[in-house]
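This is what each chain is made of:
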Amino acid sequence: MVYLVIGLVLLMIIGPIIAVLPSPRQKEQMALRQLAMRLGINVELTTITDPVPKQDKYISSLGKPLDPILKVIAYRKARKMPVEWRRATIVNWTIERRVESEDDDLPDNWCWVDERPATLQKEFVTHLGTALAELPDDVARVDEMNRILSVYWHERHDAAAVHRIDQFLDSCAALLNAAYGVDSDDQEDRS
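Right, let's walk through the structure included here. (Residues numbered from 1 in each chain as written. Predicted model: local features only at pLDDT ≥ 70, side-chain atom pairs only at ≥ 80, totals over all residues. Heavy atoms only, no water.)

**Re the pairing of strand E4 (residues 93-97)**
Line of reasoning, step 1. Counting buried residues along E4, four of its five residues qualify, which places the element largely inside the surrounding structure.
Line of reasoning, step 2. Where E4 and strand E6 (residues 139-145) come together, four bridges link them in antiparallel fashion. Note that in E6 the partner of isoleucine 95 across the bridge is valine 142.
Line of reasoning, step 3. When E4 meets strand E5 (residues 110-112), the two strands line up antiparallel, connected through three bridges. The partner of arginine 97 across the bridge, within E5, is tryptophan 110. (Buried < 20%, exposed > 50% of the residue type's maximum accessible area, 1.4 Å probe, protein only. Helix = DSSP H or I, 4+ residues; strand = E, 2+ residues; numbered from the N terminus. Pairing = 2+ DSSP bridges.)

**A few points about the sheet that holds E6**
Line of reasoning, step 1. Strand order in the open sheet formed by six strands is E1-E2-E7-E6-E4-E5, with antiparallel pairing between adjacent strands. Each edge of the open sheet carries a strand with a single partner, namely strand E1 (42-49) and E5. Each strand axis lies, on average, 25° off the axis of its neighbour in the sheet, ignoring direction.
Line of reasoning, step 2. When E1 meets strand E2 (residues 69-78), the two strands line up antiparallel, connected through eight bridges. Each residue of the ladder has a partner; that of glutamate 44, found in E2, is alanine 74.
Line of reasoning, step 3. Each of E2, E4, E6 and strand E7 (148-153) is contacted by helix H4 (residues 159-179), which is oriented at about 150° to E7, the strand it contacts most. (Axes fitted to C-alpha atoms, helices over the stretch in contact; angles between N-to-C directions. Contact = heavy atoms within 4.5 Å.)

**Describing the environment of valine 151**
Line of reasoning, step 1. Summarising the element assignment, valine 151 is placed in strand E7.
Line of reasoning, step 2. Placed 56 residues apart in sequence, valine 151 and isoleucine 95 show a C-alpha to C-alpha distance of 10.0 Å.
Line of reasoning, step 3. The residues contacting valine 151, other than those within four sequence positions of it, are Ile73, Ala74, Tyr75, Val139, Arg141, Val142, Ile165, Phe168 and Leu169.

**Remarks on the packing of helix H2 (residues 24-38) against H4**
Line of reasoning, step 1. Look at H2 against H4: their axes get within 10 Å of each other, and the N-to-C directions meet at 30°. Considering their axes alone, H2 and H4 lie roughly parallel with respect to each other. Between H2 and H4 lies a crossing of right-handed hand. Side by side, H2 and H4 meet where Leu32, Leu35 and Ala36 of the first sit next to Ala159, Val162 and His163 of the second.
Line of reasoning, step 2. Considered class by class, the residues forming the contact of H2 with H4 number five nonpolar, one polar and no charged. (Parallel < 35°, antiparallel > 145°, perpendicular 65-115°, else oblique. Left-handed = near helix turned anticlockwise from the far one by under 90°. Nonpolar A, V, L, I, M, F, W, Y, C, P; charged D, E, K, R; others polar.)

**Let's talk about the pattern of salt bridges**
Line of reasoning, step 1. Per the counting criterion, the structure on display carries eight salt bridges.
Line of reasoning, step 2. Across the pair glutamate 28 and arginine 25 runs a salt bridge whose closest N-O atoms are separated by 3.6 Å. Highlighted residues: glutamate 28 and arginine 25, both in helix H2, separated by three residues, approximately one helical turn.
Line of reasoning, step 3. On the basis of relative accessible area, glutamate 28 is assigned to the partly exposed category, the value being 46%. (Salt bridge = Lys/Arg side-chain N within 4 Å of Asp/Glu carboxyl O.)

**Describing the packing of aromatic side chains**
Line of reasoning, step 1. Enumeration according to the criterion identifies three aromatic pairs in this entry.
Line of reasoning, step 2. Where tyrosine 75 meets tryptophan 153, the ring centres are 5.4 Å apart and the plane angle is 90°; that geometry is what we call edge-to-face. One end of the pair, tyrosine 75, is in strand E2; the other, tryptophan 153, is in strand E7, and 78 residues separate them in sequence.
Line of reasoning, step 3. Pairwise contacts between aromatic rings join Trp93, Trp112 and Phe124 into one cluster. (Phe/Tyr/Trp six-rings, centres within 6.5 Å; stacked < 30°, edge-to-face > 60°.)

**Digging into the nonpolar core**
Line of reasoning, step 1. Ranked by internal contacts, the top residues of the largest apolar core, which has 32 residues, are Tyr75, Trp93, Ile95, Leu128, Leu132, Val142 and Phe168.
Line of reasoning, step 2. When residues of this core are traced back to their parent elements, those giving at least two are H2, E2, E4, E5, helix H3 (122-131), E6, E7 and H4.
Line of reasoning, step 3. Among the elements that take part in this core, H4 stands out by supplying eight residues, more than any other.
Line of reasoning, step 4. Judged by nonpolar contacts, the second largest core, of seven residues, contains Ile48, Tyr58, Ala140 and Tyr152. (Core = buried A, V, L, I, M, F, W, Y, C linked by side-chain atoms within 4.5 Å.)

Here it is as structure tokens:
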């Protein structure tokens, strides 16, 4: 009987310690995020409005509709600011992956949220058309807000996907910097 009590006490002490240890999936995610940070990407846990809001998962067990909020990880890189940043053009844009899309200038199921900004360069839109196809299939949204490029995804891939996202962010930043007159010599790093 004494051994049974000692065994139960040990289980009660060791059980919570084992429950707190990260799972193999959490270890993979930590490795991806550390790689992204080494590449100069800011990683943030965030939520976005689900691009496909009419799903059964947004209905509670009582039949009440729930807000279509999607938990994602944002990988972000800031674009360079020109020295004359007060006169610089700021163009904010958002595209997301939906079930159905009617945009001719974007591939697959990608579409502009609201509408494509008129001041967005054609070269950049053409680049998006090809570069979006290279992103992992669990990327839900891509945007630029106040010179910060963001890719929102679920991290269901390996390190190669992180490198593809890094290349995508770098290529978009380079094209946008060139389009809006930010040369590599004529800029400040305000990130």
